[in-house]
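Tertiary structure, described
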Amino acid sequence: MKAVINGVTVGYTDQENGTPLVFVHAFPLSKAMWQPQVDALEDTYRVITIDLRGHGESDTVLWNDTLDDYAEDVIGLLDYLGISQAIFIGLSMGGYTLFSIYRNYTDRVQAMILADTRAQADSEEGKAGRRAMAQVAFNDGASAIADMMLPKLLAPSTMEHRPEMVEQVRQMILQTPTTGIIVDLMAMAARPDSTDLLPNITCPTLVIVGEDDQATPVAESQYIAQGIHGSTFVTIPQAGHLSNFEQPATFNQALISFLEKFRL
Ligand code: MLT
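The sections below set out a description of the structure shown in this document. (Residues numbered from 1 in each chain as written. Predicted model: local features only at pLDDT ≥ 70, side-chain atom pairs only at ≥ 80, totals over all residues. Heavy atoms only, no water.)

Let us now look at the overall build of the protein chain. Looking only at helices and strands, one finds 11 helices and 8 strands in the protein chain. Its C-alpha atoms give the protein chain a radius of gyration of 17 Å, near enough to 18 Å, the size a compact globule of 264 residues would have. Per-residue burial over the protein chain gives 56% buried out of 264 residues. Contacts spanning at least 24 positions in sequence make up 75% of the contacts within the protein chain whose residues lie at least 6 apart. (Helix = DSSP H or I, 4+ residues; strand = E, 2+ residues; numbered from the N terminus. Rg over C-alpha atoms; globule rule 2.2 N^0.38 Å. Buried < 20%, exposed > 50% of the residue type's maximum accessible area, 1.4 Å probe, protein only. Contact = heavy atoms within 4.5 Å.)

Right under this line is the structure:
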């Protein structure tokens, strides 16, 4: 499905019935990464997935977006669908986007699932790394980014023993336009620190992380969970950064237990 949100054509899926669960994807992927959750939850919940601008079926824009713009698109889609409150699930860059949503649209958030993400802004070294990666994307395209990102996204055991999954994730990256990749990198480098937000988060929150996450290691999620009063913290064995995709059964069970615990 497609809708024009904030002047940009945005691709999304919507199951239309039940409590809305809104899934926000990671860098440099698309809503396709949530297929295992769509399959498991669509009969029970109103599952909504969105392609952030510059990804999947959404248009790419050539100006300098921020993660706040991504958050505006998610909220704009909910406005378009007539949804006032939802449960938001964001993984990594999707988690950064959720921090922006919570900061600016607190009342829209019924509950949050922050997966494989971090609260801190980039260090100066991290920002320099983003600029270097943007240059690689500009010079060599998405396939060079796939080579750099796959070992960060997937656990070493997945890289070694699950070639079909590695290929699936590679294909998702290859479908992301170079401009989308570059805009993501600039947007992530410019994102604010969300550490101060953590003690102000009062909605039910689940923090999930793959035990072998190389990109945002377990300690980053522990830090988020310790900062959010009453949050639930779950680690996913045999998963890296893309924990929802590598171990969908365990990830989905953690999600369902959390939703049931809070009667959501
Ligand atoms: C992601 O998965 O969205 C990225 O690894 C996030 C990041 O690079 O900070």
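Scanning the model with the defined rule gives 3 aromatic pairs in all. For the pair Tyr12 and Tyr80, a centre-to-centre distance of 6.4 Å together with 80 degrees between the ring planes defines the contact as edge-to-face. Of the two residues, Tyr12 is situated in strand β2 (residues 8-14) and Tyr80 in helix α2 (residues 67-81); the sequence distance between them amounts to 68 residues. The class for Tyr12 is buried, based on a relative accessible area of 6%. Take Tyr80: its relative accessible area is 48%, and that puts it in the partly exposed class. (Phe/Tyr/Trp six-rings, centres within 6.5 Å; stacked < 30°, edge-to-face > 60°.)

In terms of nonpolar packing, the biggest core is built from 89 residues, with Leu29, Phe88, Val169, Ile173 and Ile201 touching the most fellow members. The greatest single-element share of this core, amounting to 8 residues, is contributed by α2. Once residues within four sequence positions are removed from consideration, Ile173 is found in contact with Pro28, Leu29, Ala142, Ile145, Ala146, Met149, Leu150 and Leu153. (Core = buried A, V, L, I, M, F, W, Y, C linked by side-chain atoms within 4.5 Å.)

The topology assignment puts Thr235 in strand β8 (residues 232-236). On the accessibility criterion, Thr235 (30% relative accessible area) is partly exposed. Taking C-alpha positions, Thr235 is 19 Å from Pro151, a pair spaced 84 residues apart along the chain.

Below, the discussion takes up the environment of Tyr45. Secondary-structure assignment places Tyr45 in the loop between α1 (35-41) and β4 (46-50). Take Tyr45: its relative accessible area is 8%, and that puts it in the buried class. Separated by 28 residues in sequence, Tyr45 and Asn17 have C-alpha atoms that sit 6.6 Å apart.

Let's shift gears to the side chain of Thr176. Structurally, Thr176 can be placed in the loop between α7 (163-174) and α8 (178-189). Here Thr176 falls in the buried class, since its relative accessible area comes to 2%. Looking at Thr176, its side chain comes within polar contact range of the main-chain oxygen of Pro28, at 2.7 Å. Leaving out residues up to four positions away in the same chain, Thr176 has contacts with Pro28, Leu29, Gly54, His55, Ala142 and Ile181. (Polar contact = N/O pair within 3.5 Å; in protein donor to acceptor, adjacent residues only side chain to side chain.)

Before going further, it helps to spend a moment on the sheet that holds β8. Pairing within the open sheet is mixed, and its 8 strands lie in the order β1-β2-β4-β3-β5-β6-β7-β8. Both outer strands of the open sheet, β1 (2-5) and β8, are each paired with one neighbouring strand and no more. Looking at each pair of strands side by side, their axes are set apart by 25 degrees on average, direction ignored. Bridge count between strand β6 (residues 109-115) and strand β7 (residues 205-210): 4 bridges; the pairing is parallel. Residue pairing for β7: Ala115 is matched across the bridge by Ile208. Most of the contacts of helix α3 (residues 93-104) go to strand β5 (residues 86-91), to which it runs at about 140 degrees, and overall it touches β3 (20-24), β5 and β6. Its contacts with the sheet place helix α9 (residues 218-227) against β6, β7 and β8, and it is angled at close to 170 degrees to β7. (Pairing = 2+ DSSP bridges. Axes fitted to C-alpha atoms, helices over the stretch in contact; angles between N-to-C directions.)

For α3, which comprises 12 residues, the first-to-last C-alpha distance of 17 Å matches the rise-based estimate of 16 Å (1.5 Å per residue) to within 8%. Most of α3 sits out of view: 10 of its 12 residues are buried. All of the buried residues along α3 are Met93, Gly94, Gly95, Tyr96, Thr97, Leu98, Phe99, Ser100, Ile101 and Tyr102. (Expected span 1.5 Å × (residues − 1).)

With 14 residues, helix α11 (residues 248-261) extends 20 Å from end C-alpha to end C-alpha; this agrees with the ideal 20 Å at 1.5 Å per step. For α11, the set of buried residues is Phe251, Asn252, Ala254, Leu255, Phe258 and Leu259. Each buried residue of α11 sits inside an arc of 155 degrees when the element is viewed along its axis, so together they form one side. In α11, the exposed positions angled more than 90 degrees off the buried face are occupied by Ala249, Glu260 and Lys261. Phi turns positive, to about 50 degrees, at Arg263, one or two residues after α11. (Arc of directions from axis to C-beta.)

None of this, on its own, says anything about what the molecule does.
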